[in-house]
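Fold and contact review
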Amino acid sequence: QNEWRFANDWELTAGVRYDTFTQFGDSINPRLALVWSTAHNLTSKFLYGRAFRAPSFSELFAQNNLALVGNPDLEPETIDTYEVAFDYRPNQNVDLKLNLFLYQIKDLVEAQFGVLAANNLEQSGRGFEFEAEWRATKNFKLIGNYAWQNAEDDDTNTDVPNAPQQQLYLRSVWEVDNNITASAVLNWVADRERSVGDLRSDIDDYTVVDLVVQYRNLIDGLDISLIGKNVFDEDVREPSTGQFPSMPEIPGDYPLEGSSATIEFKYNFDS
């Protein structure tokens, strides 16, 4: 890796990673980052990177499992990612960040029941992420980010299943005094598609709210926190899939934690 500042406001970082595997040979993965100090309060970045996933032992050599028949001739999966990022700070109390991205995945391993595993699939995606932090007062701040992405199977031109297309995260932090902090977190997940052939209804969107109140130094070195998870008891589920989309292993998907309350104690022995 090397860094090159070729102008007052421009810097280029370039690197390359080389791996060699006895199973499939070599893998060369470059990375580039071009940073432009556009203004005193704005930084722009242009990024490119390649990464790979080596085939697992089962994907290469499994022979006695009809659900996965290994193929020793598999190549690694690769992903090329392109990003444009902006970091803008209009004043000392506001931070704004925007990231636009594209990616292309090649040689995805396809494992079908009773069929030799093969590098048959390709996937591409695009999207953006927006992040903001606002220090409204000395004792109160808001943090949030919103992400949108669209990923498609290049062979079928259908959406990649189970991955959310939208996600929103909001967090408020209130320093009540030197010892007490209260925070609330909201997490919204939406637009998850089923696999082609999965006849179940769409996966429900969900909104989960968590609350935390912390009292530091209740006595010397002892902190106590009251933590409320999923305080409105939202029915939250993550998608399940099986070997065949029409016959999922978990018909009702994977239920996540419901409403709960926890008291947590932490003691610092160095205090």
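In what follows, the accompanying structure is described. (Residues numbered from 1 in each chain as written. Predicted model: local features only at pLDDT ≥ 70, side-chain atom pairs only at ≥ 80, totals over all residues. Heavy atoms only, no water.)

Quick word on the nonpolar core
- Counting residues in each nonpolar core, the largest one holds 6 residues, listed as Phe101, Tyr103, Ile105, Leu108, Ala151 and Val160.
- No other element matches the 4 residues that strand S6 (residues 94-110) contributes to this core.
- Leu68, Leu74, Val109 and Ala117 belong to the second largest nonpolar core, which has 5 residues in total. (Core = buried A, V, L, I, M, F, W, Y, C linked by side-chain atoms within 4.5 Å. Buried < 20%, exposed > 50% of the residue type's maximum accessible area, 1.4 Å probe, protein only. Helix = DSSP H or I, 4+ residues; strand = E, 2+ residues; numbered from the N terminus.)

Focus: empty space enclosed by the protein
- In the structure shown here, the tally under the stated rule is 1 cavity of 30 Å³ or more.
- Quantified by volume, the largest cavity comes out at close to 40 Å³.
- Among the residues forming the lining of the largest cavity, the class breakdown is 3 nonpolar, 2 polar and 2 charged. (1 Å grid on protein atoms, 1.4 Å probe; cavity = no way out; pocket = protein on both sides within 12 Å on 5 of 7 lines; lining within 4 Å. Points joined across faces, edges and corners; volume = space filled by probe spheres on them. Nonpolar A, V, L, I, M, F, W, Y, C, P; charged D, E, K, R; others polar.)

Examining the pairing of S6
- Bridge count for strand S5 (residues 77-91) against S6 is 12 bridges, and the pairing is antiparallel. Paired with Tyr82 across the two strands is Leu102, which belongs to S6.
- The antiparallel hairpin formed by S5 and S6 contains 2 residues in its connecting segment.
- With 15 bridges joining them, S6 and strand S7 (residues 118-134) adopt antiparallel strand pairing. Note that in S7 the partner of Val94 across the bridge is Trp134. (Pairing = 2+ DSSP bridges.)

Remarks on the packing of aromatic side chains
- Considering all chains together, one arrives at 9 aromatic pairs under this definition.
- Here Tyr48 and Tyr82 contribute two aromatic rings whose centre-to-centre distance is 5.1 Å and whose plane-to-plane angle is 40 degrees, an arrangement assigned as tilted. You can see Tyr48 sitting in strand S4 (residues 42-53) and its partner Tyr82 sitting in strand S5, a full 34 residues away along the chain.
- Classification of Tyr48 as buried rests on a relative accessible area of 19%.
- For the ring pair Phe57 and Phe61, a centre distance of 5.1 Å and an interplane angle of 55 degrees mean the geometry is tilted. Linking Phe57 with Phe61, this pair stays in helix H1 (residues 57-61), spanning 4 residues, or about one helical turn. (Phe/Tyr/Trp six-rings, centres within 6.5 Å; stacked < 30°, edge-to-face > 60°.)

Some details on a negative patch on the surface
- Taken together, the side chains of Asp191, Glu193, Asp202, Asp204 and Asp205 present a region of like negative charge at the surface.
- Given a relative accessible area of 37%, Asp205 falls into the partly exposed group. (Patch = residues over 30% accessible without salt bridge, like charges linked within 9 Å, V, L, I, M, F, W, Y side chains within 5 Å. Areas by Shrake-Rupley, 256 points an atom, 1.4 Å probe, with all protein chains shown as cover. Salt bridge = Lys/Arg side-chain N within 4 Å of Asp/Glu carboxyl O. Lys, Arg positive; Asp, Glu negative; His and termini not counted. Charge placed at Lys NZ, Arg CZ, Asp CG, Glu CD.)

Some words on the pattern of salt bridges
- Taken as a whole and judged by the stated rule, the model has 18 salt bridges.
- Here Arg5 and Glu11 are joined by a salt bridge, their closest N and O atoms 2.8 Å apart.
- Assessed through its relative accessible area of 21%, Glu11 is described here as partly exposed.
- Between Arg194 and Asp253 there is a salt bridge whose closest N-O contact spans 2.9 Å. Placement of the pair is Arg194 in the loop between strand S11 (180-190) and strand S12 (206-219) and Asp253 in the loop between strand S14 (237-238) and strand S15 (254-255), with a sequence separation of 59 residues.
- Overlapping salt bridges, with partners in common, bring together Asp87, Arg89, Asp95, Glu133, Arg135 and Lys141 in one network.

What to know about the side chain of Asn230
- Counting through the fold element by element, Asn230 comes out in the loop between strand S13 (222-229) and S14.
- Residue classification places Asn230 among the buried residues on the basis of a relative accessible area of 3%.
- Looking at Asn230, its side chain comes within polar contact range of the main-chain nitrogen of Glu234, at 2.9 Å.
- Setting aside its immediate chain neighbours within four residues, Asn230 contacts Val208, Val209, Asp210, Val236, Glu257, Gly258 and Ser259. (Polar contact = N/O pair within 3.5 Å; in protein donor to acceptor, adjacent residues only side chain to side chain. Contact = heavy atoms within 4.5 Å.)

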